[in-house]
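Understanding the architecture of this molecule
So the chains spell out like this:
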Amino acid sequence: MKKLELLIALFAGTLSLAAYGQQPIVIKFSHVVAADTPKGKAAEMFARKAAELTKGRVKVEVYANSTLYKDKEEMEALQLGAVQMLAPSLAKFSPLGVKEFEVFDLPFIFSDYDALRKITNGPVGRQLLAKLEPKGIRGLAYWDNGFKSFSLNSPIRTPADLKGKKMRIQSSRVLEEQMRTLGALPLVMAFSEVYQALLTGVVDGTENPVSNLYTQKMHEVQKYLTLTEHGYLGYAVIVNKKFWDGLPGDIRAELEDAMEQSTHYANRIAKAENDADLEAVRKSGKTKVYVPTGEERLAFKRVLVSVHKKMEGRVGREVIQAVYRDTGFKPDSL
Ligand code: LMR
């Protein structure tokens, strides 16, 4: 190709820079769950869309299942620029010094995905992401997983059934308080270590959206799962700010488009993925799935809503009140 033709082709976007022999910009996207989960699938979708929209000028490499970094390491790796993109659970942001994110962990604070959306698509969600900027991190989007339920090797019908049980939690003080309120013993542990810990009895149980339980095969080492759906687990997609701000403007705009499309996809599939995995757990016959009655679930709610008040000093009264206001949640109406 002659030089002029080449320039025209590049300008018209019919030839990618990668095809011309230029190295694409690489985005390493590390996460800790299986590829076959809402987050895993959305990350792959982002990789495809980014390649398509930038015509190969960006290559997103997705590293699933903690193959690159485990929970704690990945945040450090992002800040150091060893990876460019992550989607950690909202329960894992306080080690960065942004404790307000733990508002998402407050038990029963979101009655459903609609209530949640009022926060993730509203001013509170935006203000929370803005708090990451001074840490050198830009928040791009919120991706759903789902609502967590308790699992154990003994039946769970009432809050008292968790008394004295060693329960694995993510690194969140709110989750720690939630377990203590139930009389359980919380143990912070990296996600990649939970299966082994359940297998060997280091912990007795845990809490998960079903997609995480199933794809890590935890149902093989937990005899009982009760669908308490007592708390939310979702993600913030974050990038190294210096890297992001340093991208050429047109590429950044295309990546923002890719992120928007992947976010719609993530939030569209999350519930169906969890439902399908619940069916698979049931079919496996390895875990007894129990659906609590309205009264039984209310008993959990009555006990656990006290965590909101107890954690006001930690999470911030203002952000809790803002979530109540925007979702219509009324803690006193129980
Ligand atoms: C967990 O550690 O349980 C979750 O944060 C894993 C995940 O990324 O969904």
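Everything discussed here concerns the structure shown above.
Details of the site of the ligand
- Lining the immediate environment of the ligand, one finds Val32, Val33, Lys39, Ser89, Lys92, Arg168, Gln170, Phe191, Asn212, Leu233 and Tyr235.
- Lys92 is positioned such that a nitrogen or oxygen atom in its side chain is 2.7 Å from an oxygen atom of the ligand.
- Out of a free accessible area of 270 Å², the ligand has 99% covered by protein chains.
- Of the residues that constitute the shell around the ligand, the class distribution is five nonpolar, three polar and three charged.

So, helix 14 (residues 317-327)
- Among the residues making up helix 14, those that are buried are Val319, Ile320, Ala322, Val323, Tyr324 and Thr327.
- Residues of helix 14 that are buried sit in contact with helix 4 (113-120), helix 5 (123-130), helix 12 (306-310) and helix 13 (312-315).
- Backbone geometry just after helix 14 places Gly328 at a positive phi near 80°.

Structural notes on the packing of aromatic side chains
- Considering all chains together, one arrives at nine aromatic pairs under this definition.
- With a centroid separation of 5.9 Å and an interplanar angle of 35°, the aromatic rings of Phe104 and Phe110 are classed as tilted.
- For Phe110, a relative accessible area of 5% translates into the label buried.
- Considering the side-chain rings of Phe110 and Tyr232, the 6.1 Å spacing of their centres and the 80° angle between planes classify their relative orientation as edge-to-face. Of the two residues, Phe110 is situated in the loop between strand 3 (85-86) and helix 4 and Tyr232 in strand 8 (residues 224-240); the sequence distance between them amounts to 122 residues. Accessibility classification places Phe110 together with Tyr232 in one group, the buried group.
- Taken together, the ring pairs connect Phe104, Phe110, Tyr113, Tyr142, Phe147 and Tyr232 into an aromatic cluster.
- One cation-aromatic arrangement involves Arg157 over Tyr290; the distance from NZ or CZ to the ring centre is 3.6 Å.

Criteria and cut-off values
Residues numbered from 1 in each chain as written. Predicted model: local features only at pLDDT ≥ 70, side-chain atom pairs only at ≥ 80, totals over all residues. Heavy atoms only, no water. Near = heavy atom within 4 Å. Polar contact = N/O pair within 3.5 Å; in protein donor to acceptor, adjacent residues only side chain to side chain. Areas by Shrake-Rupley, 256 points an atom, 1.4 Å probe, with all protein chains shown as cover. Nonpolar A, V, L, I, M, F, W, Y, C, P; charged D, E, K, R; others polar. Buried < 20%, exposed > 50% of the residue type's maximum accessible area, 1.4 Å probe, protein only. Helix = DSSP H or I, 4+ residues; strand = E, 2+ residues; numbered from the N terminus. Contact = heavy atoms within 4.5 Å. Phe/Tyr/Trp six-rings, centres within 6.5 Å; stacked < 30°, edge-to-face > 60°. Lys NZ or Arg CZ within 6 Å of the ring centre and 35° of its normal.

Interpretation in functional terms is not warranted from these geometric data alone.
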